[in-house]
Amino acid sequence: NAGVTQTPKFQVLKTGQSMTLQCAQDMNHEYMSWYRQDPGMGLRLIHYSVGAGITDQGEVPNGYNVSRSTTEDFPLRLLSAAPSQTSVYFCASSYGGTHQETQYFGPGTRLLVL
Amino acid sequence: GNSVTQMEGPVTLSEEAFLTINCTYTATGYPSLFWYVQYPGEGLQLLLKATKADDKGSNKGFEATYRKETTSFHLEKGSVQVSDSAVYFCALSDKGTYKYIFGTGTRLKVLA
């Protein structure tokens, strides 16, 4: 199993550009989520999904879109990049959405918006 | 709302020293509690967890006990190694939600 994979590893964007961060998992996990990691702020939840076709907002959803057409994939779209979106982005998955589940994280995508 | 507070870092220790990283939480109900570790350049991985009061999670010599009366889940290790240098995150997941809440992370540096 590859686990949770993310692409790209690093990206530089100009303000106003759009892009999609890819996330895939091969563990047949129902629950997937996107976080951003900023210095001194820990991880903050952007969007999450409890299964194919179902998504919901997390703590910091503005400026981001998601969709979940398959169990395996959960892409994160930046509609019009802003410098405030410079961050490290992590995708995570778990077998179910119960409060006892362990989350498995991808290696991260480092995004710089100029 | 739910929240997690953990001690500021960085924490710098000599090899074989005793480690404590404090974590306290605020939550409605009875959350599950987790410690995740992030090594340089990598994603987070589960270190240990506890799902009910008085449970002790343990892994790789690290331990943490779910203390409901003090709303705490402090991470301890009796003898740290250089390879333990990483960032440690305390987190909770509340029953009935699909959301994790993470602390801000504590960077640990262990010197040989």
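Given the structure is predicted, the values throughout are model-derived calculations rather than measurements.

Caption draft 1: Highlighting the nonpolar core. Judged by nonpolar contacts, the single largest core of 26 residues is most densely connected at Leu19, Trp35, Leu47, Leu48, Phe73, Leu75 and Tyr88 of chain B. Among the secondary structure elements, those contributing two or more residues to this core are strand E2 (11–14), strand E3 (19–21), strand E4 (23–26), strand E5 (32–38), strand E6 (44–50), strand E8 (62–65), strand E10 (86–93) and strand E12 (106–111) of chain B. The element best represented in this core is E10 of chain B, accounting for four residues. Ignoring anything within four residues of it in the chain, the contact list for Leu19 of chain B reads Val11, Leu13, Phe62, Leu75, Glu76, Lys77, Val80 and Leu108 of chain B. Residues Met19, Leu21, Trp34 and Leu111 of chain A belong to the second largest nonpolar core, which totals 19 residues.

Caption draft 2: Fine view of the pairing of E5 of chain B. Residues and elements named next belong to chain B. By the criterion of burial, E5 is predominantly enclosed, with seven of the seven residues buried. Here E5 shows two buried faces, one formed by Ser32, Phe34, Tyr36 and Gln38 and the other by Leu33, Trp35 and Val37. Judged from the six bridges that link them, E5 and E6 form a sheet pairing that is antiparallel. The partner of Tyr36 across the bridge, within E6, is Leu46. Count of turn residues in the E5/E6 antiparallel hairpin: five residues, of which Gly41 carries a positive phi of about 75°.

Caption draft 3: View of the interface of chain B and chain A. The interface is formed by 24 residues belonging to chain B together with 22 residues belonging to chain A. In this assembly, chain B packs against chain A so that about 1800 Å² is buried in total across both faces, 56% of it on carbon and sulfur atoms. Connecting chain B to chain A are zero salt bridges. Contributing elements (two or more residues each) for the side of chain B that touches chain A: E5, E6, E10 and strand E11 (100–102) of chain B. Broken down by element, the residue count for the side of chain B that touches chain A peaks at four residues, all from E5 of chain B. Here the side of chain B that touches chain A is built from residues that sort into 10 nonpolar, nine polar and five charged.

Analysis parameters
Residues numbered from 1 in each chain as written. Chains lettered and ligands numbered in written order. Predicted model: local features only at pLDDT ≥ 70, side-chain atom pairs only at ≥ 80, totals over all residues. Heavy atoms only, no water. Core = buried A, V, L, I, M, F, W, Y, C linked by side-chain atoms within 4.5 Å. Buried < 20%, exposed > 50% of the residue type's maximum accessible area, 1.4 Å probe, protein only. Helix = DSSP H or I, 4+ residues; strand = E, 2+ residues; numbered from the N terminus. Contact = heavy atoms within 4.5 Å. Pairing = 2+ DSSP bridges. Buried area = accessible area lost by both parts, 1.4 Å probe. Salt bridge = Lys/Arg side-chain N within 4 Å of Asp/Glu carboxyl O. Nonpolar A, V, L, I, M, F, W, Y, C, P; charged D, E, K, R; others polar.

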